[in-house]
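Chains, contacts and geometry: an overview
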Amino acid sequence: MLFNNKEVAVAKGKVGVIMGSESDLDVIMECIKLLKLFGVNFEVDVTSAHRSPKKTHEYARKAAQRGFNLIIAAAGGSAHLAGVIAAETTLPVIAIPVPSGELRGVDALLSTVQMPKGVPVATMGIGKSGAANAALLAIQILSLSDAPLRKKLHGFKKELADRVSEVSGKTKKNLEKIIEKI
Ligand code: RP5
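The shown structure was predicted, so the numbers you read here are calculated from the model rather than taken from an experiment. Within each chain, residues carry numbers counting from 1 in the order of the written sequence. Where totals are concerned, whole chains, interfaces and linings use all residues; where local detail is concerned, this predicted model gives features only for residues with pLDDT of at least 70, and gives and counts side-chain atom pairs only at 80 or more. Computation of side-chain values covers all heavy atoms of the structure but excludes hydrogens and water.

Describing the packing of helix H2 (residues 53-62) against helix H3 (residues 81-88)
In helix packing, the relevant descriptors are the interaxial angle and the interaxial distance, both defined with respect to the helix axes. Taken N-terminus to C-terminus, the directions of H2 and H3 make an angle of 45°; their axes are 8 Å apart at the nearest point. The orientation of H2 relative to H3 falls into the category oblique. Crossing of H2 against H3: the hand is right-handed. Of H3, the residues touching H2 (which contributes Thr56, His57, Tyr59, Ala60 and Arg61) are Leu81, Val84, Ile85 and Glu88. In terms of residue class, the contact of H2 with H3 is made up of 5 nonpolar, 2 polar and 2 charged. Here, axes are lines fitted to C-alpha atoms. For helices the fit covers the stretch in contact, and angles between N-to-C directions go from 0 to 180 degrees. For helices the rule is a DSSP run of H or I covering at least 4 residues; for strands it is a run of E covering at least 2, with both sets numbered from the N terminus onward. Put simply, angles under 35 degrees are roughly parallel, angles over 145 are roughly antiparallel, angles from 65 to 115 are roughly perpendicular, and the rest are oblique. Note on convention: near helix rotated counterclockwise from far helix by under a right angle means a left-handed crossing. Clockwise means right-handed. Residue contacts are defined here by distance: any two heavy atoms, one from each residue, within 4.5 Å place the two residues in contact. By the convention adopted, Pro, Cys, Tyr, Trp, Phe, Met, Ile, Leu, Val and Ala count as nonpolar, Lys, Arg, Asp and Glu as charged, and the other residues, Gly among them, as polar.

Below, the structure is given as structure tokens:
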């Protein structure tokens, strides 16, 4: 089972994972867990488009020369982290809108997804599922030039499908029992 596989070889590419605040970590762990599971190299950092703009610009400018193949940027509030990074690099940027404050991530989603023409950001869904999908999208991009990683993705997909079959089999039996009693 891929989910329990501890012996994963290290993939070729490297991902930069950044978050706007340490308070985003709980959500970002869903991303980090999957990157680790697939054996992808990554580096984590905290930088904010609003609170540490200089560091954020510097990070974006140096990302390619530091060997990153793509950046995953997570932020909440009126999130601008992914957009600011995308403005300064040609690397693909994947955004995770983090739920925080009164609007619970809808603010972060909207401020990230509707980028101006010319500066794309691949925006995931809000929160933990978005964080997991950010990792998977990054892995899919890296797998274009990494056959062993692609093989792991096929295994992952098969596992997802097997689980649905298992659960749907049980649900079907339960439903049949309930219908019989009606
Ligand atoms: C954003 O503001 C961060 O990404 C975080 O999601 C949100 C709240 O940050 P803290 O006030 O918890 O540091 O910049």
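Digging into the site of the ligand
Looking at the ligand, the residues that line it are Gly20, Ser21, Ser23, Asp24, Arg51, Ala75 and Gly76. The term polar contact refers here to a pair of N or O atoms within 3.5 Å; inside protein, the definition further demands a hydrogen-donor-capable atom paired with an acceptor-capable atom, and it admits residues adjacent in sequence only when both atoms are side-chain atoms. Separating an oxygen atom of the ligand from a side-chain N or O atom of Ser21 is a distance of 2.6 Å. The separation between an oxygen atom of the ligand and a polar side-chain atom of Asp24 is 2.5 Å. Surface burial for the ligand is 71%, taken as the share of its 360 Å² of free accessible area covered by protein chains. Split by residue class, the shell around the ligand holds 1 nonpolar, 4 polar and 2 charged. In this text, near means that some heavy atom of the residue lies within 4 Å of the molecule or strand in question. The protein chains shown are the only cover counted for residues, whose accessible areas, like all others here, come from Shrake-Rupley with a 1.4 Å probe.

So, the packing of helix H5 (residues 128-143) against helix H6 (residues 147-181)
At a closest axis distance of 8 Å, the pairing of H5 and H6 adopts a crossing angle of 140°. Overall, the two elements H5 and H6 adopt an arrangement that is oblique. Where H5 crosses over H6, the handedness of that crossing is left-handed. Two secondary-structure elements touch here, H5 through Leu136, Ile139, Gln140, Leu142 and Ser143 and H6 through Ala147, Leu149, Arg150, Leu153, Phe156 and Lys157. Partitioned by chemical class, the residues of the contact of H5 with H6 number 7 nonpolar, 2 polar and 2 charged.

Re a nonpolar patch on the surface
A cluster of nonpolar side chains, Leu103, Val106, Leu110 and Val113, forms an exposed patch at the surface whose accessible area comes to about 350 Å². As for its placement among the helices and strands, Leu103 is situated in the loop between strand E4 (93-97) and helix H4 (106-113). The patches described consist of residues with a relative accessible area above 30% and no salt bridge, like charges being joined within 9 Å and nonpolar side chains (Val, Leu, Ile, Met, Phe, Trp, Tyr) within 5 Å. When a carboxyl oxygen of Asp or Glu is within 4 Å of a side-chain nitrogen of Lys or Arg, the pair counts as a salt bridge.

Digging into the pattern of salt bridges
For the structure on display, the rule yields 11 salt bridges. For the salt bridge of Glu43 with Arg66, the shortest nitrogen-to-oxygen distance reads 2.6 Å. Of this pair, Glu43 sits in strand E2 (residues 41-46) while Arg66 sits in the loop between H2 and strand E3 (70-75), and the two are 23 residues apart along the sequence. Measuring nitrogen to oxygen at the nearest pair gives 3.1 Å for the salt bridge that ties Arg163 to Glu159. Of this pair, Arg163 and Glu159 are both found in helix H6, 4 residues apart, which corresponds to roughly one turn of the helix. Here the residues in one salt-bridge network are Glu58, Arg61, Lys62 and Glu88, joined through shared partners.

Structural notes on the packing of aromatic side chains
Aromatic contacts are taken between Phe, Tyr and Trp rings whose centres are within 6.5 Å, Trp giving its six-membered ring; a plane angle under 30 degrees counts as stacked, one over 60 as edge-to-face, and the others as tilted. In total, this model carries 2 aromatic pairs according to the counting rule given. Judged by centre distance (6.0 Å) and plane angle (25°), the ring pair of Tyr59 and Phe68 falls under stacked. Taking the relative accessible area as the measure of exposure, Tyr59 reaches 6% and is therefore buried. Classification of residues uses two cut-offs on accessible area relative to the type maximum, computed with a 1.4 Å probe and protein chains only: under 20% is buried, over 50% is exposed, and between them is partly exposed. Judged by relative accessible area, which is 3%, Phe68 ranks as buried. Whether a charge sits over a ring comes down to the Lys NZ or Arg CZ being within 6 Å of the ring centre and within 35 degrees of the ring normal. The cationic tip of Lys14 hangs over the ring face of Phe68; the distance from NZ or CZ to the ring centre is 4.9 Å.

Quick notes on unusual backbone geometry
Here Arg104, not a glycine, exhibits a phi torsion of approximately 50°, which is positive. Within the secondary structure, Arg104 sits in the loop between E4 and H4. Under the relative-accessibility criterion, Arg104 is labelled exposed at 66%.

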